[in-house]
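Structural overview for review
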Amino acid sequence: MAAFIARRILYSVVTLVILSGTIFLIVRLTGDPVLLMAEAGASTEDLARIRQQWGLDRSWAVQYVTFMQNALTGELGKSFNYRLPVSELYFQRLPNSLQLGLFATLISLLIGVPAGIVSAVKVNTWWDSIAKGVALLGLSIPGFWLGLVLILVFSVSLRWLPTSGAGDWRHVLMPAVALGWYFAASMLRLTRSSMLEVLGSEYIKLARLKGLPDVVVIAMHAFKNALIPVFTLAGVNLVVMVNAAVIIEVIFAWPGIGRLLYEGIFQRDFPLVQGVVILAGFMIVGINLVVDIAYAVIDPRIRLTR
Amino acid sequence: MRLAPPMSIRSRREAPLAAVVILAALVLVAIFADLLAPHDPTLPVPGANVFDPPFWMEGGSTAAPLGTDFQARDILSRLIYGTRVSLIVGLMGTLVAGAIGTLMGILSGYIGGWVDQVIMRVTDAWLALPAIVFAIFLAAMIGPSMWNIIVILGAVYWTRYARVIRGEVLTLREREFVKLAEIAGASKLRIIKRHILPNVANTAMVLASLTVGVVIIAEASLSFLGVGVPPPQPAWGLMLSEARPTLLAGQWWLTVFPGVCILLIVLATQLFGDWLRVKLDPQQRNL
């Protein structure tokens, strides 16, 4: 068990080093930030001064090592544009992204889980076909276009909901649906296959043979076990949503991490982009590590596979 | 009493007619865009105003049947030429991703050892970022053009192939015909070409059919954010982006039509991919 955990942690560290190194290299290969920071017509001395001020005159290897050292102490550098520490900007925006992610997760669960259960219990009926259609549409409708259509319907035509910004539940509703829609489809698929697996297992057959009514078998026996992978996925998805909602946040002018990244990219704010992208990697590698270890604790068979 | 076979099994074995028809139609539209489009997609329609509505609405005309955009360009012609962009990026991006991923998967699975370790750790690192964030990041850094987008999306979406194909190769490697070829003295390259590659081709095809739609949506997303296909090229994502300022003015046709096109093409590829998966892999039939 200890060996398993140690190996998983080592892999996670290696993953993060490769990821941060790649991001770091790409950022530096594609342009000179100094030219963007200086005013037009700045002299060579000015450029050299800025370069030195921001530590950009040192070799990439030194810059990377310094960056990683600082990152480990929670210091991700200063944004060129805001002149504020990246971590400060990030954690200012994080609660907004979390709020959006939580609502989107809730919506994906509300659509995906009931539809998945019905689809599995009534397998190969027209209920199942409808659920499959919903799953297919979840993958086929681009979330950002769904967001635009929601604005057209609920803001422009019906005038029920505000188009942008953060505030109360009315602000979060449309972006959460647009973001959660795609994930609802994956919830639905997983709930369905997980329920089908559990419903085909011996203990469910036994429960049925004992003469328990269908409702009890499905609600008490199958549901509980089938939902373990579903809620695991919901947790992982939440972390992904917090970090991947760039377009939805741009469309709805939602002040989250995604829009911070978007702004950073267009202002060529290297430390900001680098910091936000690497923090996203940290969060996702972290949640995957937690899930892996938790599953190994629950199920000893997992520890034996590599 | 005669039991009818369950609907799903029978219907799953026949090619999904609707998907094939939609895909065939879209391919034809893309090929013959020059003949089909009534106007030049990058120039204003002569005599038309900006934001003319579709022909069935008041103020619309059949000169621009689906209306005009903010530069008085014909929406229909732009949609027709946009099919080309979506299909080229979707297919070529998938091809690049599939080529990189299949190669990595085979090398990783067949050679093993430190090669396997390196490739798998890089795959992990790639998967640690949401694909779309990675793609936006690369596109913003490298600069917008259709061919850049193809390479970028290929460079982002190869990881799924690498993982799945590595798994297949690990079992293939232990099969008798591979062992015998090794004993007979065949070179590694020959074994990969003659014995491994043909046996992972089906899996690669299924993955490809399911990746096309993802790549098409990714291209639309990048173009929408202004880091994809640059204007004045007619790409659906770009059309949605150009429609954004007019959203609140109620010019819905600018937003609805390009989105419906994306929806149709992705839906058709997904249906086709699902069918292909079941057809090529009988074990998948119950899922």
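Reading guide: rules and limits
- Residues numbered from 1 in each chain as written.
- Chains lettered and ligands numbered in written order.
- Predicted model: local features only at pLDDT ≥ 70, side-chain atom pairs only at ≥ 80, totals over all residues.
- Heavy atoms only, no water.
- Helix = DSSP H or I, 4+ residues; strand = E, 2+ residues; numbered from the N terminus.
- Buried < 20%, exposed > 50% of the residue type's maximum accessible area, 1.4 Å probe, protein only.
- Contact = heavy atoms within 4.5 Å.
- 1 Å grid on protein atoms, 1.4 Å probe; cavity = no way out; pocket = protein on both sides within 12 Å on 5 of 7 lines; lining within 4 Å.
- Points joined across faces, edges and corners; volume = space filled by probe spheres on them.
- Domains from an automatic or database assignment.
- Buried area = accessible area lost by both parts, 1.4 Å probe.
- Salt bridge = Lys/Arg side-chain N within 4 Å of Asp/Glu carboxyl O.
- Patch = residues over 30% accessible without salt bridge, like charges linked within 9 Å, V, L, I, M, F, W, Y side chains within 5 Å.
- Areas by Shrake-Rupley, 256 points an atom, 1.4 Å probe, with all protein chains shown as cover.
- Phe/Tyr/Trp six-rings, centres within 6.5 Å; stacked < 30°, edge-to-face > 60°.
- Lys NZ or Arg CZ within 6 Å of the ring centre and 35° of its normal.
- Core = buried A, V, L, I, M, F, W, Y, C linked by side-chain atoms within 4.5 Å.

Looking only at helices and strands, chain B features 12 helices and 0 strands. Walking chain B from its N terminus toward its C terminus, one meets helices and strands in the order α-α-α-α-α-α-α-α-α-α-α-α. For chain B, with 287 residues in total, the buried portion stands at 52%. Looking at chain B alone, contacts between residues at least 24 apart form 72% of all its contacts between residues at least 6 apart.

This next bit is on empty space enclosed by the protein. All names here are of chain B. Scanning the model with the defined rule gives 2 cavities of 30 Å³ or more in all. Taken as a whole, the largest cavity holds about 80 Å³ of empty space. Lining the largest cavity, in full, are Phe 51, Asp 69, Phe 70, Ile 75, Arg 78, Met 239, Glu 242, Ala 243, Thr 246, Leu 254 and Pro 258. Looking at the lining of the largest cavity, the elements with two or more residues in it are α4 (75–111), α11 (236–243) and α12 (253–280).

A few words now on the domain arrangement of chain A. Residue and element names in this part refer to chain A. Segmenting chain A into domains produces domain 1 (1–81 + 271–306) and domain 2 (87–266). Placing the centre of domain 1 and that of domain 2 at their C-alpha centroids yields a distance of 30 Å. The interface of domain 1 with domain 2 comprises 14 residues on the first partner and 17 residues on the second. Buried area between domain 1 and domain 2, both sides added, is near 1300 Å², and the carbon and sulfur share of it is 82%. Broken down residue by residue, the surface that domain 1 buries against domain 2 is led by Leu 272, Val 276 and Met 283, which jointly contribute 34%.

A separate point is the side chain of Thr15(A). With respect to the helices and strands, the residue Thr15(A) is situated in helix α1 (residues 2–29). On the accessibility criterion, Thr15(A) (5% relative accessible area) is buried. If we ignore the near neighbours within four places in the chain, the residues touching Thr15(A) are Val285(A), Asp124(B), Ala125(B) and Ala128(B).

Our next topic: the interface of chain B and chain A. Taken together, the 47 residues of chain B in the interface contact 48 residues of chain A. It is Arg121(B), Phe137(B) and Met141(B) in chain B that bury the most area against chain A; as a group they hold 16% of the surface buried on that side. Counting the contacts that link chain B with chain A gives 1 salt bridge. Arg189(A) serves as the salt-bridge partner of Asp274(B), at 3.8 Å between the closest nitrogen and oxygen. For the side of chain B that touches chain A, the elements supplying multiple residues, two or more each, are α1 (7–13), α5 (113–127), α6 (131–142), α10 (188–225) and α12 of chain B.

The subject of this paragraph is a nonpolar patch on the surface. All names here are of chain B. A contiguous nonpolar surface patch, about 590 Å² in accessible area, is contributed by Val 27, Leu 28, Ile 31, Phe 32, Leu 35 and Leu 36. Within the residue set of the nonpolar patch, elements represented by two or more residues are α2 (17–31) and α3 (33–36). With respect to the helices and strands, Phe 32 occurs in the loop between α2 and α3.

Let us look at the packing of aromatic side chains. Applying the stated rule across the entire model yields 11 aromatic pairs over all chains. Measuring from ring centre to ring centre gives 5.4 Å for Tyr182(A) and Phe183(A), while their planes differ by 90 degrees; the resulting arrangement is edge-to-face. Residue classification places Tyr182(A) among the partly exposed residues on the basis of a relative accessible area of 41%. Put simply, the rings of Trp126(B), Phe134(B) and Trp158(B) touch in pairs and so form one group of aromatic residues. Across the ring face of Tyr11(A), the terminal group of Arg121(B) is positioned such that the distance to the ring centre comes to 3.7 Å.

All names here are of chain A. With respect to the helices, strands and loops of the structure, Lys 132 is situated in helix α6 (residues 126–140). The exposure class of Lys 132 is partly exposed, given its relative accessible area of 32%. Linking Lys 132 and Arg 192, residues 60 residues apart in sequence, is a C-alpha distance of 9.7 Å.

Glancing now at the environment of Val122(B). Take Val122(B): it is sitting in helix α5. For the pair Val122(B) and Val50(B), spaced 72 residues apart in the sequence, the C-alpha separation amounts to 49 Å.

Our focus in this paragraph is the pattern of salt bridges. Going through the model one piece at a time under the given rule, you end up with 18 salt bridges over all chains. Close ionic contact of Arg93(A) with Glu263(A) constitutes a salt bridge, the shortest N to O distance being 3.5 Å. Of this pair, Arg93(A) sits in helix α5 (residues 86–121) while Glu263(A) is found in helix α12 (residues 257–266), placing the two residues 170 residues apart along the sequence. Judged by its relative accessible area of 14%, Arg93(A) is buried. Overall, the relative accessible area of 19% leaves Glu263(A) in the buried class. What emerges from the salt-bridge pattern is a single network uniting Asp69(B), Arg73(B), Arg78(B) and Glu242(B).

This brings us to the nonpolar core. Within soluble globular proteins, side chains that are nonpolar generally end up buried alongside one another. Counting residues in each nonpolar core, the largest one holds 128 residues, and the members touching the most others are Ile23(A), Phe137(B) and Leu153(B). Residue-level mapping places this core at the junction of two domains, with at least three residues from each of domain 1 (1–81 + 271–306) and domain 2 (87–266) of chain A. For Ile23(A), the contacting residues outside a window of four places in its chain are Gln274(A), Val277(A), Ile278(A), Leu129(B), Phe134(B) and Phe137(B). Residues Val198(A), Val217(A), Leu227(A) and Val230(A) belong to the second largest nonpolar core, which totals 17 residues.

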